[in-house]
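Spelled out, the chains give:
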Amino acid sequence: VMVVSNCRMVHNPRKFELFRAQHGKCAYCDRSFDYRKLTRDHVMPRSKGHSKRMNIVLVCWGCNARKADEMPTQDQLNRARQIYAACGKPAFEIG
């Protein structure tokens, strides 16, 4: 169940598009969260030179902190590709 507690809080169309594609769930742990409790994460870390817009998924604060600036696991990459497929967007390039 997607929970958007206050429609006025939905001020970022890109974030809301991801929220809908992810069905309100963290891209990494698959738990449901309120829109405001999810944060954007670069699947391929910006610190490693990856900054494209198609490199972002929504994750809970805990998963974002655990991943930090590490390269994603294969499972995380697969989940991110599924999210972008659900949005009708091409998968991002790796490497």
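Residues numbered from 1 in each chain as written. Predicted model: local features only at pLDDT ≥ 70, side-chain atom pairs only at ≥ 80, totals over all residues. Heavy atoms only, no water.

As for the side chain of Asp41
Relative to the helices and strands, Asp41 is located in strand β1 (residues 38-42). Residue class for Asp41 comes out buried when judged on its relative accessible area of 5%. With residues near it in sequence (within four places) discarded, Asp41 still touches Tyr28, Asn55, Ile56, Val57, Val59, Asn64 and Lys67. (Helix = DSSP H or I, 4+ residues; strand = E, 2+ residues; numbered from the N terminus. Buried < 20%, exposed > 50% of the residue type's maximum accessible area, 1.4 Å probe, protein only. Contact = heavy atoms within 4.5 Å.)

Considering the nonpolar core
By size, the foremost hydrophobic cluster in this structure holds 22 residues, and its most contacted members are Leu18, Cys26, Tyr28, Leu38, Val57 and Val59. When residues of this core are traced back to their parent elements, those giving at least two are α1 (13-21), β2 (56-60) and α3 (74-86). With five residues, the top contributor of residues to this core is β2. The residues contacting Cys26, other than those within four sequence positions of it, are Arg31, Phe33, Leu38, Leu58, Val59, Cys60 and Cys63. (Core = buried A, V, L, I, M, F, W, Y, C linked by side-chain atoms within 4.5 Å.)

What to know about the confidence of the model for the protein chain
The predicted model of the protein chain has a mean per-residue pLDDT of 81, with 78% of residues at 70 or higher. Mean pLDDT in the protein chain bottoms out at α1, which sits at 86, and peaks at helix α2 (residues 61-67), which reaches 95. (pLDDT = per-residue confidence, 0-100.)

Observations concerning α1
Here α1 has its buried residues at Arg14, Lys15, Leu18, Phe19 and Ala21. Down the axis of α1, the sector holding all buried residues measures 165°, keeping them to one side. Pointing more than 90 degrees away from the buried face of α1 are the exposed residues Pro13 and Arg20. Where α1 is buried, its residues contact β1, β2 and α3. Remark: His23 follows α1 within two positions and exhibits a positive phi of approximately 55°. (Arc of directions from axis to C-beta.)

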